[in-house]
Amino acid sequence: MDYFNYRDGTLFAEDVPVSRIAEQFGTPAYVYSRATLERHFRAYDESLAGRDHLICYAVKANSNLAVLNVLARLGAGFDIVSVGELERVLRAGGQPDKVVFSGVGKQPLEMRRALEVGVRCFNVESETELDRLNDVARELGRQAPVSLRVNPDVDAGTHPYISTGLKENKFGIDIAEARRIYARAAAMSNLDVVGVDCHIGSQLTTAAPFMDALDRVLTLIDQLAEDGIHIRHLDMGGGLGVTYDQETPPSPSEYMAEVRKRLGDRTLEIVLEPGRSIAANAGILLTRVEFLKCTDHRNFAIIDAAMNDLIRPALYSAWQAIIPVTPRQDVEEKAWDLVGPVCETGDFLGKERRLALAAGDLLAVRSAGAYGFVMSSNYNSRNRPPELMVDGDRVHVIRQRETLEDQMRLEACLPE
Ligand code: LLP
C-alpha cells in the first residue's frame, strides 16, 4: 500500500495534489512519499517482532540522503556495495554498526574505511576477497566481522539480469565449497566469522525460491556447527518483489512467517536487505506530455521524461504503470506509446498504454522510487530531474534539478 491516491478526480501524493508539485517544481521530477517509505520499513520490522533481527535497507535502490535519513530515524540498518554508499549512510545519520557491506569487488580502500568506522559485517563473495580483507584488517590491527555470501544455486524465476543465485552468476561462493572456505576463514588471524549471507535475485513474486535457498543455507549452518563454527546471524538478502502490474508478491509478514516456521527454535539473528520493496512504490516519476504524434501504425505521446531519467523499461523491458494525474473524459482513449526526447528507438517508458491524452497533460510513472533516479544519467546532455519528498502536506526538495553548469563542472577543454 502506498500514499499516491486519487482524491476529487486528481492524483495526490499524501496530502498534496501532484499537479501543484508539477506547477511549483516543473517536470520531469521524482516525487517520493515519506509515509510510504516508513510504512514499508515498518512492515519488515514488525514481521520479525520478538526475534533478533536487523533490516538493512539496500542503499542501491534509492540512495538519496533524505531517504536514508528517514529510514535511519526508524532504526534501519543499511546494505551497502561501495564506499560511496557508506559515506552517504554516515552523512544521513545511519549507524555504522548496522551496516553490512556486500559486493563482489571491494577495494582495499573501501575495506579500510569500513573497518575504521566499524561496520557490522562484510559479506565476502570469494576466497581471494577473504585474503584481501584479512590483509587490510591486519594492517589496521582489527578483526573484520565476516559472512560468506553463498550461492545456493536456486532459480529465482525472475529477469535474467536481476537473478543472482544460480551457479552461472558471478555472485557468491558455491554452496558446495562453502564448508571448506568457512574453515579457512575461521583460521585467518584477522577475520571473525559471524554469519552466512545469501541473495538470490530481485523482484521475486513467490516465497518458494527463498525457502529453497533457506533450506540449503540452514543445512550449511548445521554442518558448520559440527565443524565448530558457530554462526550468529543469517542474512537472507533482499529481493522481495513489488506490484508493478498484476504481480501479487507475499507481504513481508507472509514471507517471514514461512521463514520463522523453518527456523524452528534456532536463535539466529535474521538480517534482511530489502531495497525495492521499501522504495519502489514510495515514488513516482512525474512527467508532462509535450506532443502527440499519430502515424498510420502507432500513436506516440512524446513526454518530457526519457530513458536517461528511468532506464528500467529500456534495459529490462520492465513494465511500470503510467497513470494520468488528472484523468480526462473529454477525449477518446487510445493506445499510446509513451516515448521520450532521447535519440534512441529504445527510449520509451511504456508501450500501447490505453489513455485519454491531450498535449500538456501530466502523467505519473508509478513504482519509480527504486532503481529510478539512482540509475539515471545525463545521456543526450539532459539535466537529471529533481527529487522531492512529500511529508503530509509539505513538499521538500531533497535534490535540486541539475543545471547545465552542474553537468559541465568537471570537464575542461584542452589548453590552446
Ligand atoms: N542485497 C544484494 C546483495 C543485492 O545485490 C540487492 C540488489 C539487494 C540486496 C536488494 O534487492 P531488492 O530488495 O531491491 O530486490 N536495477 C534492477 C535491480 C538490481 C538489483 C541488484 N541487487 C532493477 O531495476 O530491477
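This is a predicted model, so every value here is computed, not measured.

Visitor: Sorry if this is basic, but what is going on with the overall build of the protein chain here?
Guide: Scanning the protein chain from N- to C-terminus turns up twelve helices and 21 strands. Relative to the 2.2 N^0.38 estimate, which gives 22 Å for 416 residues, the radius of gyration of the protein chain is 23 Å and therefore close to what a compact globule would have. Along the three orthogonal principal directions, the C-alpha set of the protein chain runs to about 70 × 65 × 40 Å. Here the protein chain holds 416 residues, and the buried ones make up 47% of them. Within the protein chain, contacts between residues at least 6 apart in sequence are counted, and of these 71% link residues at least 24 apart.

Visitor: Is there a simple way to explain the site of the ligand in this structure?
Guide: Lining the immediate surroundings of the ligand are 19 residues, of which S202, G238, G275, R276 and Y371 lie closest. For the shell around the ligand, the secondary-structure elements that each account for two or more residues are α10 (276-279) and α11 (312-316). Grouping the constituent residues of the shell around the ligand by class yields six nonpolar, nine polar and four charged. Split by domain, the shell around the ligand shows at least three residues from each of two domains, domain 1 (4-32 + 280-408) and domain 2 (34-278).

Visitor: I keep staring at helix α5 (residues 108-117) and nothing clicks. Help me out?
Guide: Side chains three or four residues apart in an α-helix point the same way, a direct result of the helix having 3.6 residues per turn. Among all positions in α5, only E110, M111, A114 and L115 are buried. On an axial view of α5, the arc spanned by its buried residues comes to 130°, and they lie on one face. Projecting away from the buried face of α5 at angles above 90 degrees are the exposed residues P108, L109 and E116. Buried residues in α5 make contact with α4 (83-91), β7 (99-101), α6 (127-140) and β9 (144-151). Following α5 by one or two positions, G118 adopts a phi angle in the positive range, close to 85°.

Visitor: Got a minute to help me understand unusual backbone geometry in this structure?
Guide: Phi is mostly negative for residues that are not glycine, and the peptide bonds are mostly trans. Here the residue pair T27 and P28 is connected by a cis peptide bond, since its omega of -5° sits within 30 degrees of zero. When you line up the elements, P28 lands in the loop between α1 (18-25) and β4 (29-33). The phi torsion at D8 lies on the positive side, around 50°, for a residue other than glycine. Checked against the element boundaries, D8 lands in the loop between β1 (4-7) and β2 (10-13).

Visitor: Teacher, can you tell me more about the domain arrangement of the protein chain here?
Guide: Interface extent is often summarised as the accessible area lost during association of the parts. Parsing the protein chain into structural domains produces domain 1 (4-32 + 280-408) and domain 2 (34-278). A separation of 32 Å is found between the C-alpha centroids of domain 1 and domain 2. Each side of the interface is counted separately: domain 1 has 22 residues, and domain 2 has 20 residues. Breaking the side of domain 1 that touches domain 2 down by element, the ones donating at least two residues are β20 (387-391) and β21 (394-399). With four residues, the single largest contributor to the side of domain 1 that touches domain 2 is β20.

Visitor: I would appreciate a short explanation of the sheet that holds β2 in the present structure.
Guide: Strand pairing within a sheet occurs via backbone hydrogen bonds; the two strands may be parallel or antiparallel. Spatially, the three strands line up as an open sheet ordered β1-β2-β3, and their pairing is antiparallel. Only two strands of the sheet have a single neighbouring strand rather than two, namely β1 and β3 (16-17). Two elements, β2 and β3, share two bridges in a ladder whose sense is antiparallel. Following the sheet pairing, A13 is matched in β3 by V16.

Visitor: Explain the UniProt feature "modified residue: N6-(pyridoxal phosphate)lysine" (unreviewed entry) in the protein chain to me, please; I cannot follow it from the model alone.
Guide: Mapped onto this numbering, the UniProt entry annotates "modified residue: N6-(pyridoxal phosphate)lysine" (unreviewed entry) at K60. C-beta crowding within 10 Å serves as the criterion here: with 22 such atoms nearby, K60 is assigned to the buried category. Discounting residues that sit within four places of it in the chain, K60 has contacts with V81, E85, G275 and V374.

Visitor: Sorry if this is basic, but what is going on with the nonpolar core here?
Guide: For soluble globular proteins, nonpolar side chains are generally found buried alongside one another. Of all hydrophobic cores here, the largest spans 114 residues; its most connected members are V18, V31, L133, V146 and V365. Shared between two domains, this core takes at least three residues from each, and those domains are domain 1 (4-32 + 280-408) and domain 2 (34-278). Look past the residues within four positions of V146 in its chain and what remains in contact with it is C121, F122, V124, L133, A185, L191, D192, V193 and V194.

Visitor: Looking at this structure, how should I read the pairing of strand β17 (residues 334-339)?
Guide: Note on strand geometry: in a regular strand, side chains alternate between the two faces of the sheet. The pairing of strand β15 (residues 299-303) with β17 spans three bridges and is classified as parallel. Bridging across to β17, I302 finds its partner in V339. Looking at chain direction, β17 and strand β18 (residues 348-355) are connected through five bridges and run antiparallel. When the sheet's bridge partners are listed, K334 is paired in β18 with L355.

Visitor: It is not clear to me how the environment of I181 should be interpreted in this structure. Could you clarify?
Guide: Looking at where I181 falls in the secondary structure, it is placed in helix α7 (residues 175-187). On a C-alpha basis, the gap between I181 and L148 in space is 8.6 Å, while along the polypeptide they are 33 residues apart. In this structure, I181 is in contact with E127, L148 and I173, ignoring residues within four places of it in sequence.

Each value, and the rule that gives it
Residues numbered from 1 in each chain as written. Predicted model: local features only at pLDDT ≥ 70, side-chain atom pairs only at ≥ 80, totals over all residues. Helix = DSSP H or I, 4+ residues; strand = E, 2+ residues; numbered from the N terminus. Rg over C-alpha atoms; globule rule 2.2 N^0.38 Å. Buried ≥ 20, exposed ≤ 12 C-beta atoms within 10 Å, placed from the backbone. Contact = placed C-beta atoms within 7 Å. Near = placed C-beta within 6 Å. Nonpolar A, V, L, I, M, F, W, Y, C, P; charged D, E, K, R; others polar. Domains from an automatic or database assignment. Arc of directions from axis to C-beta. Pairing = 2+ DSSP bridges. UniProt positions renumbered as here; feature names shortened; annotations may be inferred. Core = buried A, V, L, I, M, F, W, Y, C linked by C-beta atoms within 7 Å.

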